[in-house]
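Close look at the chain arrangement
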Amino acid sequence: MSLNNTTVVVLGGSSGIGLATAQAAQAEGARVIITGRDAGRLETARVALGGHADAKVLDAADETGTRELFAGLPALDHVFITAGTLVLDAKLAPDTSTLAPAMDMRVWGALYAAKYAAPKIRPGGSITFMSGTASRRPLPGASVATASCGAVDAFARGLALDLAPIRVNTIQPGYVDTPLFDGIFGAQRDEILAAAGAKLPVGRIGRPDEIAQAVLFLMKNGYVTGINLVVDGGGLLV
Ligand SMILES: NC(=O)c1ccc[n+]([C@@H]2O[C@H](COP(=O)([O-])OP(=O)(O)OC[C@H]3O[C@@H](n4cnc5c(N)ncnc54)[C@H](OP(=O)(O)O)[C@@H]3O)[C@@H](O)[C@H]2O)c1
């Protein structure tokens, strides 16, 4: 299956894995629509996409906005919901309200997108949710984020049945070098990521384009549904 002349929506497409996926889909001839919360970041991404993508400000946790986004599209082929961030919870110490976004973005955001996109998806189309290897190996200090990954994995398997023949999968990256870590690790970012990469069988952490190619596989292979695809440089083995 080719992405040529398809319409691909990437929720959280203004940076990192989402932007790389938008670029890869566009390179294969897809019309791309990206979203994100920050208008400036979104415009920078739109320019990076050669000005050819449609870009809309949208919080993935906003049900009304998500409904309006998909209502405004005549038809589409593939949706990738990668919007999210790493919510650290320090053994549940922070105020509960600060932990809720982990679920709001990844789980409820996935639900809103699937609910309003599904009626617009053409035959052969797909939905891909963002998960992470944390779902299989918990990330210390991020049990809520870990739970959100497990929830979205199970949700995808359920929807693969309920929304069939639309195909529904998750991607489970290990460490990937994206702006996600800028705020989390600060000045020590590069050092920490290099150390994490050195422990992996491949000797380095992943690049956004490597995850993007795996997402495109999930979009294009018409026999793949209900899976949770690990792309982690062998991280689960060590
Ligand atoms: N990098 C990794 O190692 C790794 C590993 C496993 C899983 N993941 C997951 O992969 C996803 C993408 O991460 P990334 O590494 O590509 O990070 P990134 O470079 O920070 O990109 C995150 C993207 O999501 C958008 N976003 C965040 N929250 C959003 C929301 N509530 N509504 C709409 N858009 C939102 C961001 O734009 P705005 O901030 O402007 O909204 C941005 O476009 C995240 O869900 C992350 O948890 C990452």
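Residues numbered from 1 in each chain as written. Predicted model: local features only at pLDDT ≥ 70, side-chain atom pairs only at ≥ 80, totals over all residues.

Let's shift gears to the packing of helix H3 (residues 63-71) against helix H4 (residues 96-117). Contact geometry for H3 and H4: axes closest at 9 Å, N-to-C directions at 30 degrees. With respect to their mutual orientation, H3 and H4 come out roughly parallel. By crossing handedness, the relation of H3 to H4 is classed as right-handed. Where H3 abuts H4, its residues Glu63, Thr66, Arg67 and Phe70 lie against Tyr112, Ala113, Tyr116 and Ala117. (Axes fitted to C-alpha atoms, helices over the stretch in contact; angles between N-to-C directions. Helix = DSSP H or I, 4+ residues; strand = E, 2+ residues; numbered from the N terminus. Parallel < 35°, antiparallel > 145°, perpendicular 65-115°, else oblique. Left-handed = near helix turned anticlockwise from the far one by under 90°. Contact = placed C-beta atoms within 7 Å.)

With that settled, consider the site of the ligand. Around the ligand lies a shell of 30 residues, among which Gly12, Gly16, Arg37, Asp38 and Gly84 are the nearest. Contributions of two or more residues to the shell around the ligand are made by helix H1 (16-27) and strand S2 (31-36). Residue composition of the shell around the ligand, by class: 13 nonpolar, 13 polar and four charged. (Near = placed C-beta within 6 Å. Nonpolar A, V, L, I, M, F, W, Y, C, P; charged D, E, K, R; others polar.)

Tracing the sequence through the fold places Ala114 in helix H4. In the structure, Ala114 is positioned 15 residues away from Phe129 in sequence and 9.4 Å away in space, judged by C-alpha atoms. Every residue in contact with Ala114, bar those within four places of it in the chain, is listed here: Ile127, Leu159 and Leu163.

Here we have seven strands laid out as an open sheet, ordered S3-S2-S1-S4-S5-S6-S7, and parallel in their pairing. Strand pairing shows two members of the sheet lacking a second neighbour, strand S3 (54-57) and strand S7 (228-231), which therefore form its edges. Between one strand axis and the next, the sheet turns by 20 degrees as a mean value, whatever way the strands run. Sheet strands in contact with helix H8 (residues 208-220) are strand S4 (76-81), strand S5 (121-130), strand S6 (167-173) and S7, and its direction is about 165 degrees off that of S6. (Pairing = 2+ DSSP bridges.)

What follows is about the pairing of S2. Along S2, five of the six residues are buried, which leaves the element largely enclosed by surrounding structure. Relative to S2, strand S1 (residues 7-11) is paired through five bridges, and the arrangement is parallel. Within S2, the residue paired with Leu11 across the bridge is Thr35. This β-α-β element, S1 to H1 to S2, shows right-handed connectivity. Once the chain exits S2 it traverses helix H2 (residues 39-48) before rejoining the sheet at S3, and the crossover so formed is right-handed. (Buried ≥ 20, exposed ≤ 12 C-beta atoms within 10 Å, placed from the backbone. Right-handed = clockwise from strand over helix to strand, strands pointing away.)

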